[in-house]
Amino acid sequence: DVSSPKHGKVDADNRPHVGGNTWAGGTGGRDTAGLGGKGGPYRLDAGHKVYQVSQAEKDAVPEEVKRAAREMGEKAFKQRLKEIQMSEYDASTYERFSGAVRRQVQSLRIILDNLQ
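Residues numbered from 1 in each chain as written. Predicted model: local features only at pLDDT ≥ 70, side-chain atom pairs only at ≥ 80, totals over all residues. Heavy atoms only, no water.

The chain appears in an unreviewed UniProt entry as VWA8 protein from Nothoprocta pentlandii.

Written as structure tokens, this is what we have:
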């Protein structure tokens, strides 16, 4: 069951963590920032294979936990914008321009990675 969203512990060795309720950047778990899980406050990619919980499990998360996760995610987003000295308007403008070329940038990254 989910209880309350949190960032989670950081693994200094960046080992992959699947499931559970402990590690930031894990996959398929609950309550912590990561990918493929349920009830976490925001997405956090540590670069590992993503294990996805079912949509039914995600839908079963209580509304108060979803609300707390959204609030925590919004707070972390605003804090990050402050750290990089960016306003919410700047972020939305960046996202608009970035989104327009995202596919092309991804293609270019793949080409450059293959060339290396």
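Structure shown, so let's carry the discussion forward.
(A) Local environment of the overall build of the chain. Scanning the chain from N- to C-terminus turns up three helices and two strands. Reading the chain from its N terminus to its C terminus gives the helix and strand order β-β-α-α-α. C-alpha extents for the chain along the principal axes are approximately 45 × 35 × 30 Å. For the chain, with 116 residues in total, the buried portion stands at 24%. Look at the contacts in the chain between residues 6 or more apart in sequence, and 35% of them connect residues 24 or more apart. Here the chain displays about 8500 Å² of accessible surface, and carbon together with sulfur accounts for 52% of that area. (Helix = DSSP H or I, 4+ residues; strand = E, 2+ residues; numbered from the N terminus. Buried < 20%, exposed > 50% of the residue type's maximum accessible area, 1.4 Å probe, protein only. Contact = heavy atoms within 4.5 Å. Areas by Shrake-Rupley, 256 points an atom, 1.4 Å probe, with all protein chains shown as cover.)

(B) Spotlight on unusual backbone geometry. Positive phi, normally seen in glycine, also occurs at Asn 14, with a value near 50°. Mapping Asn 14 onto the fold places it in the segment before β1 (26-27). Residue Asn 14 is classed as partly exposed on the basis of its relative accessible area, which comes to 39%. One non-glycine residue, Gln 85, adopts positive backbone phi at about 55°. Note that Gln 85 resides in the loop between α2 (63-83) and α3 (88-115).

(C) Molecular detail of the pattern of salt bridges. Tallied over the entire structure, the rule returns seven salt bridges. The salt bridge involving Glu 74 is made with Lys 78; its shortest N-O contact spans 3.9 Å. Highlighted residues: Glu 74 and Lys 78, both in helix α2, separated by four residues, approximately one helical turn. A relative accessible area of 34% places Glu 74 in the partly exposed class. (Salt bridge = Lys/Arg side-chain N within 4 Å of Asp/Glu carboxyl O.)

(D) Main features of the environment of Arg 43. Topologically, Arg 43 is positioned in the loop between β2 (34-35) and α1 (55-59). Taking the C-alpha atoms as reference points, Arg 43 and Gln 79, separated by 36 residues in sequence, lie 15 Å from one another. If near-sequence neighbours (up to four positions away) are discounted, Arg 43 is found in contact with Gly 34 and Leu 35.

(E) Representation of the side chain of His 17 within the structure. Inspection of the secondary structure puts His 17 in the segment before β1. Within the structure, the side chain of His 17 is placed 2.7 Å from the side chain of Asp 11, a separation counted as a polar contact. A distance of 3.5 Å separates a polar atom in the side chain of His 17 from the backbone oxygen of Arg 15. Not counting residues up to four positions away in its chain, the partners in contact with His 17 are Asp 11, Trp 23, Gly 26 and Thr 27. (Polar contact = N/O pair within 3.5 Å; in protein donor to acceptor, adjacent residues only side chain to side chain.)

(F) View of α3. Along α3, the helix axis deviates most sharply at Arg 102, where the bend reaches about 55°. Lining the buried residues of α3 we find α2. (Bend = angle between axes of the 7 residues up to and from the residue.)

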